[in-house]
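Geometric and topological summary
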Amino acid sequence: MLLAPTLVDQNLNTISFEVFKTFAQIVQSTFDKLSDEIQRQKKEIDELKRFLQTNNNTETFKTMIYDGKDLMEINAKDPKKYALCISRIIFSDEELENCLLTNVPEKTLPQTSRVPLPAEKMKVFREAIMKRFDLNDTSFGEWWPKIKESINACGRHKKAKKKRQFQEFESSFTNTS
């Protein structure tokens with residue numbers, strides 16, 4: 001007794017259309033997944049090449065001093081991770097908690113209590129990222145949405161952590177009274 005239909009009709013030595021169609025769908029799905037993974041890996045390889053080229057470029061020494069620290073010496077795999085690292089140097093904790101990394105004027109911001117980060121610090125921030133990774137305006141624009149979301153999320157997390165700590169302090173204070 002067969003529990004599943006056989007792939008080949010024993011009498012005609014042929015494959016049914018439904019079985020072939022299912023097989024073709026499985027092959028196409030597998031091909032699409034492999035193709036997506038190859039594209040992802042190609043992008044990562046390009047990023048790593050750019051990173052190596054930037055770090056191994058001994059002909060030109062890049063420096064960008066901010067608050068006594070050379071921002072070009074900070075190692076990061078990509079502009080997004082680098083932006084997170086330098087944001088902690090350029091911006092204060094209060095600025096990250098209470099401000100937004102944005103590219104729109106303050107009056108057109110969505111309803112939020114957060115205001116844009118200071119323009120003069122934003123200029124340093126942008127220049128450092130572009131200089132460190134040799135980005136032009138177009139390639140920086142491709143990274144900008146990821147950078148913006150990452151820094152804004154960092155600010156939200158800092159604010160939430162501070163709020164939790166305050167609430168814990170309040171509750172421990174009221175429990176001891």
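Computed from a predicted model, the values in this text were never measured in an experiment.

On to the packing of helix α2 (residues 79-90) against helix α4 (residues 119-132), then. The geometry of α2 relative to α4 is characterised by a closest axis approach of 10 Å and an angle of 145° between their N-to-C directions. Like other packed secondary-structure pairs, α2 and α4 cross with a definite hand, here right-handed. Each of P79, Y82, A83, I86, S87 and I90 in α2 lies in contact with α4, whose residues at this interface are K121, V124, F125, A128, I129 and R132. Tallied by class, the residues present in the contact of α2 with α4 amount to nine nonpolar, one polar and two charged.

Let's shift gears to the confidence of the model for the chain. Here the chain averages 81 in pLDDT, and 80% of its residues register 70 or above. The secondary-structure element of the chain with the lowest mean pLDDT is strand β1 (residues 8-9), recorded at 54, while α2 shows the highest, at 94.

Attention shifts here to the side chain of E95. Inspection of the secondary structure assignment puts E95 in helix α3 (residues 93-98). The class of E95 is buried, set by a relative accessible area of 15%. Not counting the four nearest positions on each side in its chain, E95 is found in contact with I90, L117, P118 and K121.

A few words on the pattern of salt bridges. The tally for this structure, following the rule as stated, stands at seven salt bridges. Here E44 ties to K77 by a salt bridge, and the two come within 3.9 Å at their closest N and O atoms. Of this pair, E44 sits in helix α1 (residues 17-56) while K77 sits in the loop between β4 (69-70) and α2, and the two are 33 residues apart along the sequence. Judged by its relative accessible area of 29%, E44 is partly exposed. We note a salt bridge from K81 to D78, for which the minimum N-O separation is 3.8 Å. By relative accessible area, K81 is classed as partly exposed at 42%. Through salt bridges that share partners, E37, R40, E44 and K77 make up one connected network.

Attention now goes to the nonpolar core. The nonpolar side chains of a soluble globular protein tend to be buried, and buried together. Core analysis: the biggest nonpolar cluster contains 28 residues, and L71, Y82, I86, L101, F125, I129 and I147 have the highest contact counts within it. Other than its neighbours up to four places away in sequence, I129 contacts P79, Y82, A83, I86, L135, F140 and I147.

A positive phi is found at D67, a non-glycine position, where the angle reads about 55°. Topologically, D67 is positioned in the loop between β3 (65-66) and β4. The exposure class assigned to D67 is exposed, which follows from its relative accessible area of 63%. For D134, which is not glycine, the phi torsion reads 50° and is therefore positive. Within the secondary structure, D134 is located in the loop between α4 and α5 (137-176).

Residue placement: G68 occurs in the loop between β3 and β4. Classification of G68 by relative accessible area gives exposed; the value is 68%. Distance from G68 to I89, taken between C-alpha atoms, is 10.0 Å for residues 21 residues apart in sequence.

Turning our eyes to something else, we now look at a nonpolar patch on the surface. A cluster of nonpolar side chains, contributed by I15, F20, F23 and V27, occupies part of the molecular surface with about 410 Å² of accessible area. For the nonpolar patch, the element with the highest residue contribution is α1, accounting for three residues. Inspection of the secondary structure assignment puts V27 in helix α1.

Rules used in this analysis
Within each chain, residue numbers correspond to sequence positions counted from 1 in written order. Only residues with pLDDT of at least 70 get local features here, since the model is predicted, and only at 80 or more are side-chain atom pairs given and counted; chain-wide, interface and lining totals rely on the full set of residues. Note that water and hydrogens are dropped before the side-chain values are worked out from all heavy atoms of the structure. Inter-axis angles, ranging from 0 to 180 degrees, are taken between N-to-C directions of lines fitted to C-alpha atoms, where helices are fitted over the stretch in contact. For the purposes of this entry, the term helix denotes a DSSP run of H or I that reaches at least four residues, the term strand denotes a run of E that reaches at least two, and both are numbered from the N terminus. By definition, turning the near helix anticlockwise from the far helix through less than a right angle yields a left-handed crossing, and turning it clockwise yields a right-handed one. Here, residues are in contact when the closest pair of their heavy atoms is within 4.5 Å. Gly is put with the polar residues, along with every residue not named as nonpolar or charged; the nonpolar set is Ala, Val, Leu, Ile, Met, Phe, Trp, Tyr, Cys and Pro, and the charged set is Asp, Glu, Lys and Arg. As a per-residue quantity, pLDDT reports the predictor's confidence and falls between 0 and 100. For the exposure calls, accessible area comes from a 1.4 Å probe over protein chains only, and a residue counts as buried if that area is under 20% of its type's maximum, exposed if over 50%, partly exposed in between. We count a salt bridge whenever a side-chain nitrogen from Lys or Arg sits within 4 Å of a carboxyl oxygen from Asp or Glu. Buried Ala, Val, Leu, Ile, Met, Phe, Trp, Tyr and Cys residues that are joined via side-chain atoms within 4.5 Å together make up what is termed a nonpolar core. Any residue with relative accessible area above 30% and no salt bridge may belong to a patch, with like charges joined within 9 Å and the nonpolar Val, Leu, Ile, Met, Phe, Trp and Tyr side chains within 5 Å. In this description, accessible areas are obtained by the Shrake-Rupley approach with a 1.4 Å probe, and a residue is regarded as covered only by the protein chains that are shown.

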